[in-house]
Amino acid sequence: MKLKAYRWFLPVLLCTWLFSGCGSSAALKDGFYTAQMSDYSHGWKEYLCIMVKDDNIVYAEFNAKNPSGYIKAWDNAYMENMASVCTTYPNDYTRKYVAQLIEAQAADGLDAISGATNSGKNFFRLAAAVIEQAADGNPDIVTVQSESEAE
């Protein structure tokens, strides 16, 4: 009789283990994680920094800086020129990409933003890199090769 009473224990334990994510490498470790492109493109090097808390991306910053450290989203002349041609600009598309990442909590399935194609490709590569960093708990800044360098 005692054996029958515990017959359900092993299947329940197994299901609990499987659905709880035990052994899963997808869990993100708390901390800040940063990835940057390996080279400057049109005078700017893009980067992505995320903050993970309780297995969730709670903050992200995607932007670019020039060799002196000036931030692309702060460059009003660049914004005006780009907005007149592309209908978007760095301070707009960087926020949209970040919002998508925080909502999706993953690098997969993010949508490209029209007018920011090159930055979008870099963002997807950077997002994959910081999520991998967060899964590993690696706090070092990771350098990501551009699409042309990777080929």
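Summary of the structure given here. From a predicted model like this one, the values you see are computed outputs, not experimental measurements. (Residues numbered from 1 in each chain as written. Predicted model: local features only at pLDDT ≥ 70, side-chain atom pairs only at ≥ 80, totals over all residues. Heavy atoms only, no water.)

What follows is about the overall build of the protein. For the protein, the count of helices and strands is 6 helices and 4 strands. Moving toward the C terminus, one meets the helices and strands of the protein in the order α-α-β-β-β-α-α-α-β-α. A burial count over the protein gives 34% of its 151 residues as buried. In the protein, the proportion of contacts linking residues at least 24 apart, taken out of those at least 6 apart, comes to 54%. For the protein, the exposed area adds up to about 9,500 Å²; of that, 56% sits on carbon and sulfur atoms. (Helix = DSSP H or I, 4+ residues; strand = E, 2+ residues; numbered from the N terminus. Buried < 20%, exposed > 50% of the residue type's maximum accessible area, 1.4 Å probe, protein only. Contact = heavy atoms within 4.5 Å. Areas by Shrake-Rupley, 256 points an atom, 1.4 Å probe, with all protein chains shown as cover.)

On to a nonpolar patch on the surface, then. On the surface, a cluster of nonpolar side chains totalling about 290 Å² of accessible area is made up of Phe32, Val58 and Tyr59. Within the fold, Tyr59 resides in strand E3 (residues 56–65). For Tyr59, a relative accessible area of 36% corresponds to the partly exposed category. (Patch = residues over 30% accessible without salt bridge, like charges linked within 9 Å, V, L, I, M, F, W, Y side chains within 5 Å. Salt bridge = Lys/Arg side-chain N within 4 Å of Asp/Glu carboxyl O.)

Time to look at the nonpolar core. Leu48, Ile50, Phe62, Leu101 and Phe123 are the most contacted members of the largest nonpolar core, which has 28 residues in total. Among the elements of the structure, strand E1 (31–37), strand E2 (45–53), E3, helix H4 (90–104) and helix H5 (117–136) are those that each provide at least two residues to this core. Considering each element in turn, this core owes the most residues, 8 residues, to H5. Ignoring any residue separated from it by four or fewer positions in sequence, one finds Phe62 in contact with Glu46, Tyr47, Leu48, Tyr93, Thr94, Tyr97, Val98, Ser119, Phe123 and Leu126. (Core = buried A, V, L, I, M, F, W, Y, C linked by side-chain atoms within 4.5 Å.)

A few words now on helix H3 (residues 76–86). Residues separated by three or four positions in an α-helix point in the same direction, a consequence of the helix having 3.6 residues per turn. Among the residues of H3, the N-terminal cap falls to Asp75, whose side-chain oxygen and the backbone nitrogen of Ala77 are separated by 3.3 Å. Phi for Thr87, located one or two positions after H3, is positive at around 65°. (Polar contact = N/O pair within 3.5 Å; in protein donor to acceptor, adjacent residues only side chain to side chain.)

Our next topic: the packing of H4 against H5. In contact at an axis separation of 11 Å, H4 and H5 are set at 35° when each is read in the N-to-C sense. Between H4 and H5 lies a crossing whose hand is right-handed. Only Ser119, Gly120, Phe123, Phe124, Ala127 and Ile131 of H5 make contact with H4, whose side of the interface consists of Tyr93, Tyr97, Val98 and Leu101. Of the residues assigned to the contact of H4 with H5, the class counts are 8 nonpolar, 2 polar and no charged. (Axes fitted to C-alpha atoms, helices over the stretch in contact; angles between N-to-C directions. Left-handed = near helix turned anticlockwise from the far one by under 90°. Nonpolar A, V, L, I, M, F, W, Y, C, P; charged D, E, K, R; others polar.)

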